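Survey of secondary and tertiary structure
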Amino acid sequence: MNDIAGKEIALDGVDPRELYGAQDLYLERIRELHPGLKIVARGSSLRVLGAEEATRRFERHLRELVAYYLKYGHISVEVVEQCFAGEAVAQREVPTDRDIIVYGNNGNVVRARTENQRKLVALYDKCDLLFAEGPAGSGKTYTAIALAVRALKERQVRRIILTRPAVEAGEKLGFLPGDMKEKLDPYLQPLYDALNDMIPPAKLQKYLEEGTVQIAPLAFMRGRTLDNAFVILDEAQNTTLPQIKMFLTRMGRNAKFIVTGDVTQIDLPLRTDSGLVRATEFLRGIEGIGLVAFDKRDIVRHPLVKHIVEAFDRHAETADTPPAGPRRAERNARRSDR
């Protein structure tokens, strides 16, 4: 019979609120994974009571979780589960220095943080055209832009071109004041945000002025041949089939293209098919084209984002009428009739 042991484990160097998660989300998952232990949060320490061997094993895995947070600056439910599933699993899943994509501003490390982000990085070396489809917050665009910045720094390409369709997300914005750039910048702001994390402001401004970095709406791509460029089409779920065909056929010599989007957030008119949906159907299996399907496990924003996505997915599956945005059920029904 195992001896009963109590242990006070200090959480050195980490804010307990980060370790426990919003509304103690991570702490509750830790408790669920250890039904034989009594786990009590006491400020900057955890009090654990249970079988001596289980208590020692719990402390070892908790130390791994703290070390993960101190190294990578984030925790998710998946990381908690991996760290407490066993040493072999935790060691295999925890990112290494090979996951570093690029060093951003102030020495910040931009790395692949989830399995599908790593898959996207790995496919980059094998494919000139990549599709990354998945839910909001899964790091599709951010990872793609990090790859683009790395390619520019390593002189693999001469310029970065970022584009997205200028489609309003369920709102009618009406007349927007200013010149063409000022009218379009609100649609392109997420791309600027990612670049500002990775390129110093003065250098980014210089790149923008000289055309080394170009950010433009999709309509501006027509007629161009994009050589020696890393090109990212963001929010591709809001392209029509002719638009995405136009974009993909811009590919020139020594070009890398990444297309990102979330087919659950289509803002096109009801009877307009998403070019992203159709293009991935047509192009699947062609050598040199890679597809990465991100999912809820890849969400790296606030922990609540994952639960929000799950709640909306459940509603979409059970509601009598499809969601107002993508109207996914009706679109799927039309596709199945073809």
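All figures in this text were calculated on a predicted structure; none of them were measured in a lab.

Remarks on the pattern of salt bridges
Two side chains carrying opposite charge are able to pair once their charged atoms lie near each other. Under the definition given, this model contains 16 salt bridges. Two residues, arginine 57 and glutamate 53, come together in a salt bridge whose shortest N-O distance is 3.8 Å. Taken together, the residues arginine 57 and glutamate 53, both in helix 3 (residues 52-72) and 4 residues apart, mark about one turn of the helix. Arginine 57 sits in the partly exposed class, given a relative accessible area of 36%. Aspartate 234 is paired through a salt bridge with arginine 164; the nearest N and O atoms lie 2.6 Å apart. Taken together, the residues aspartate 234 in the loop between strand 9 (229-233) and helix 10 (241-248) and arginine 164 in strand 7 (residues 159-164) connect sequence positions 70 residues apart. For aspartate 234, a relative accessible area of 4% corresponds to the buried category. With a relative accessible area of 11%, arginine 164 lands in the buried category. What emerges from the salt-bridge pattern is a single network uniting Lys7, Glu59 and Arg63.

A closer look at the sheet that holds strand 1 (residues 4-10)
Across the sheet, which stays open at both edges, the 3 strands sit in the order 1-3-2 with antiparallel pairing between neighbours. Looking at which strands have only one partner, the edges of the open sheet turn out to be strand 1 and strand 2 (38-42). Going across the sheet, the axis of each strand differs from the next one's by a mean of 15 degrees, ignoring polarity. Pairing geometry for strand 1 and strand 3 (residues 45-51), over 7 bridges, is antiparallel. Each bridged residue has a counterpart across the sheet, and for glutamate 8 the counterpart in strand 3 is arginine 47. Packed onto the sheet, helix 2 (residues 25-33) meets strand 2 and strand 3 and runs at close to 160 degrees relative to strand 2.

Brief notes about the packing of aromatic side chains
Counting across every chain of the model gives 3 aromatic pairs. Note on phenylalanine 247 and phenylalanine 257: the rings are 4.9 Å apart at their centroids and 40 degrees apart in plane angle, and the pair reads as tilted. In this pair, phenylalanine 247 is assigned in helix 10 and phenylalanine 257 in strand 10 (residues 256-261), connecting sequence segments 10 residues apart. Accessibility classification places phenylalanine 247 together with phenylalanine 257 in one group, the buried group. Over the ring of tyrosine 124 we find lysine 256; its NZ or CZ atom is 4.4 Å from the centre of that ring.

Conventions used here
Residues numbered from 1 in each chain as written. Predicted model: local features only at pLDDT ≥ 70, side-chain atom pairs only at ≥ 80, totals over all residues. Heavy atoms only, no water. Salt bridge = Lys/Arg side-chain N within 4 Å of Asp/Glu carboxyl O. Helix = DSSP H or I, 4+ residues; strand = E, 2+ residues; numbered from the N terminus. Buried < 20%, exposed > 50% of the residue type's maximum accessible area, 1.4 Å probe, protein only. Pairing = 2+ DSSP bridges. Axes fitted to C-alpha atoms, helices over the stretch in contact; angles between N-to-C directions. Contact = heavy atoms within 4.5 Å. Phe/Tyr/Trp six-rings, centres within 6.5 Å; stacked < 30°, edge-to-face > 60°. Lys NZ or Arg CZ within 6 Å of the ring centre and 35° of its normal.

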